[in-house]
Each structure stands twice: as structure tokens, then as C-alpha cells.
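Chain and residue survey
If you want the building blocks of each chain, they are given just below.
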Amino acid sequence: MFLHWLIATLAVYITAYLLPGVEVRDFWSSIIIAAVIGILNAVVKPLLVFFSLPVTILTLGLFIFVIDALVILMASALLDSFEVQNFWWAMAFSVILSIVSQMLSKIIE
């Protein structure tokens, strides 16, 4: 579990570095950001997926990207050390974050 949190932390820090519309104050802040995103993904995301199931089915699952962006925007609203400029940067952040996380997982594990 600690290894997954470390991978998520590194992925948040690297992704924020790559995107000019996303700002993370420092590496230590990315530890908290990774935890908050993980908690929101565990608690809020399943509720959003459940309530948007008809839209998700109609869009053949593409609405999940919107839900991921909303989770990122929620994390940004909760934390002062994490700033996302708008919805599109949140969507880009969520897509690139998942790619970077997968790459780091393959390298580290």
C-alpha cells in the first residue's frame, strides 16, 4: 500500500510539472494531494459513476473522463497547495496522471 501511495505521489508531482495549467506547491504537498485524490476516488467517484450510469452507457464509457476531471477539481477545491485552472486542465491532468502512474508502476514494481 505504501508503494502505491509513493507511485501516486510521484505521478502527481511529475504530471503537475508537465502541465502548465496545474500547480503543485512542492513535493511534500503532492503526498497529501495523492492521498486526497485516492480518498475521493474511493468514496465520491463510485457515487458519481452510479448516478451518471445512463449517461455513461450512452457515451460508451467516455463520461468516466468527465467524472475523473470532476474528482480532480474537487481535490483542487479542497487543497490550497493544488491548483487546477479549469475543467480541461483537470481532464488532461487525470488522463496524463493515469498514464504516468502506469509507467511508474511498471518501472518500480
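Since the model is a prediction, treat every value here as computed from it, not as a measurement.

1. Details of the packing of helix H1 (residues 2-18) against helix H5 (residues 87-108)
- Relative orientation of the contacting elements H1 and H5 amounts to 130 degrees, with a least axis distance of 8 Å. Relative to H5, the element H1 lies oblique. The two elements H1 and H5 cross, and the hand of that crossing is right-handed. Contacts between H1 and H5 pair Leu3, Ile7, Leu10, Ala11, Val12, Ile14, Thr15, Ala16 and Leu18 from the former with Phe93, Ile96, Leu97, Val100, Ser101, Leu104, Ser105 and Ile108 from the latter.
- Class assignment of the residues belonging to the contact of H1 with H5 gives a composition of 14 nonpolar, three polar and no charged.

2. Some details on the packing of aromatic side chains
- Enumeration according to the criterion identifies five aromatic pairs in this entry.
- Three or more aromatic residues joined by ring pairs make a cluster, and in this case those are Tyr13, Phe27 and Trp28.

Calculation notes
Residues numbered from 1 in each chain as written. Predicted model: local features only at pLDDT ≥ 70, side-chain atom pairs only at ≥ 80, totals over all residues. Heavy atoms only, no water. Axes fitted to C-alpha atoms, helices over the stretch in contact; angles between N-to-C directions. Helix = DSSP H or I, 4+ residues; strand = E, 2+ residues; numbered from the N terminus. Parallel < 35°, antiparallel > 145°, perpendicular 65-115°, else oblique. Left-handed = near helix turned anticlockwise from the far one by under 90°. Contact = heavy atoms within 4.5 Å. Nonpolar A, V, L, I, M, F, W, Y, C, P; charged D, E, K, R; others polar. Phe/Tyr/Trp six-rings, centres within 6.5 Å; stacked < 30°, edge-to-face > 60°.

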